[in-house]
Structures are given as structure tokens and as C-alpha cells.
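Architecture and fold: a report
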Amino acid sequence: MAAILPFETVLKEIYLNNNDSELSPNRPLYSSSDEEEPKYDFIGEAVNIFATCDELGQNKVHFAHEARKYLNELYRLHVKGSETLTMSRSLLNTGAILKDEARTWLGYIHRRLIARPRIRKPWYFEFTRDIPKEIFLALKDALRSTNNPNLLTDINMDGNRKAFVISVTSLARVVSLLTELTEFSNRNVKSYLARKVTRSKGIAKVIVSDVKDFALVYKFAKRQLSINCHYGFWNTYGFPQHD
């Protein structure tokens, strides 16, 4: 399934230094002055072939940066041999990292649903994950630039230099977001957000609303992401036992 969220192209904070650059009609996609090193003219010439590709639209500059970085690293890797350790920020597979992370979130949520409610905030839980800042910024930018109709509403974002919050106020949007991140089916994601509780003879489910949001809170100093979630419990007769 092709991902709608453009995770691999939104890492502007990481390795695009000039986000506002524009192409003039006569300017090539790549020139040797665009980057200090390494300079492989034949790679620049290859990238410039796409200058007339109208389908790229406003993404031409971003495409050129990414294509040049990928080709540079691949060329250096094969020229120097497989014994050379090649570290490349442009080859960072952000989508794969977020996929593994989101699957871990689902596993924790599913396990937490059968735990006994706590005395303080009984129908609420949160857990923390250590995540590099660049990975979180990629998620934030992906949500801001996505064209996925299922992720255009009920998702609010705000923050400052200390922290940033992604607040989701609809269960359908939570399912859509986790479906995109995990690459699970919609049905599979939903199965993690509800669970039968044999001990109490009922079912526990994640609750998301305007007043009980599903929140991702990132603290920049600690490089930590807190996932905040509300849930409820219904007995075998379908009556809610939560607030």
C-alpha cells in the first residue's frame, strides 16, 4: 500500500537548509555550488534530467536534494566497497522507524486495557518513549503536509521551544493515523483499541473525544514522547462503568 503521509520527503529540518528556494525557468535542478561536498558532476547532470518533469510541480527542489544525496551515497558506497561504513542522514528510513514505534504503542495500549484502573485518574493512562527529535519533527511535518482526507480534521497541533503537542479528538482519526503509521489494516488497528476483560466480565475500549483527546506530547529537552490515552469499561449488558 502506498503511503499517503510523505515521511521521506518532509525532513526539511534535518537536511534541507533552504526551504524557500525556488526554481527559475532557466535554472537547473542542481549546480555544483549547491553543496560543498562531495561534487560528482555526472550525478548533477543525471538529476537535472528531471528539470522538465512537470509532474513534480513545486517539489522539484526537494526531489533534487533527495535524489542527489541518495545517488552520492550509493556511488560512494560502491566505489569504496562494501567494507566502508557509510553513514547518511538522507538514507534515514523515517517511515520504518515510525512504523515500529507505532506498533509498540498499539501493543502497550492493548495490554493496558486489561489492567486494573488506578485510584488517581482511573480511566486514563500514559506511557513514554525515547524518540530522536528528527523523527518527531518528521511526523509533525507529515501531518501538516498530508493530503489524506482522513487526517485533515480533528487533529490539532501546537507547541513552543520546550514541548509540542499533537492532539487527536476523534477515534476515527486515531485509527486512521495509526493505520498509516503501522501499515496495519484498519480492522487490525481497531482490534488493539478494544479488549475483552474476563476478570470483570466486560469490554474495555479506548475513548477519544473533544474533552478526552488522544495526545502525543514531545519534550524537546528530554527527547521523549508521551502518549496520553483515555479509556472506558462496559459490562456484559453494555452499561458503562466509567466516568
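Cut-off values and rules
Residues numbered from 1 in each chain as written. Predicted model: local features only at pLDDT ≥ 70, side-chain atom pairs only at ≥ 80, totals over all residues. Heavy atoms only, no water. 1 Å grid on protein atoms, 1.4 Å probe; cavity = no way out; pocket = protein on both sides within 12 Å on 5 of 7 lines; lining within 4 Å. Points joined across faces, edges and corners; volume = space filled by probe spheres on them. Helix = DSSP H or I, 4+ residues; strand = E, 2+ residues; numbered from the N terminus. Pairing = 2+ DSSP bridges. Axes fitted to C-alpha atoms, helices over the stretch in contact; angles between N-to-C directions. Parallel < 35°, antiparallel > 145°, perpendicular 65-115°, else oblique. Contact = heavy atoms within 4.5 Å. Buried < 20%, exposed > 50% of the residue type's maximum accessible area, 1.4 Å probe, protein only. Polar contact = N/O pair within 3.5 Å; in protein donor to acceptor, adjacent residues only side chain to side chain.

Some words on empty space enclosed by the protein
- One pass over the structure, following the stated rule, counts one cavity of 30 Å³ or more.
- Computed from the structure, the largest cavity encloses a volume of approximately 30 Å³.
- In terms of lining, the largest cavity is formed by Leu 98, Trp 105, Ile 131, Ile 135, Phe 136, Leu 139 and Leu 225.
- Listed by contribution, the elements that provide at least two residues to the lining of the largest cavity are α4 (94-112) and α5 (133-145).
- The biggest single contributor to the lining of the largest cavity is α5, with three residues.

Points about the pairing of strand β3 (residues 163-168)
- Inspection of the sheet shows strand β2 (residues 155-159) paired to β3 by five bridges, in the antiparallel sense. Bridge pairing in β3 places Asn 156 opposite Ser 167.
- The hairpin formed by β2 and β3 contains three residues between the paired strands.
- Examined bridge by bridge, β3 and strand β6 (residues 214-219) share six bridges and lie antiparallel to one another. Paired with Ala 163 across the bridge in β6 is Lys 219.

Side note on the packing of α4 against α5
- Remark: α4 packs on α5, axes separated minimally by 10 Å, with the N-to-C direction vectors making an angle of 95 degrees. Classified by the angle between their axes, α4 and α5 sit roughly perpendicular to one another. The residues of α5 that touch α4, namely those facing Thr 94, Ile 97 and Leu 98, are Ile 135, Ala 138 and Leu 139.

Some words on the side chain of Ser 167
- In this structure, Ser 167 sits in strand β3.
- Given the relative accessible area of 12%, Ser 167 is considered buried.
- A polar contact is formed between the side chain of Ser 167 and the side chain of Asp 213, at a distance of 2.6 Å.
- In this structure, Ser 167 is in contact with Asp 154, Ile 155, Asn 156, Asp 213, Phe 214 and Ala 215, ignoring residues within four places of it in sequence.

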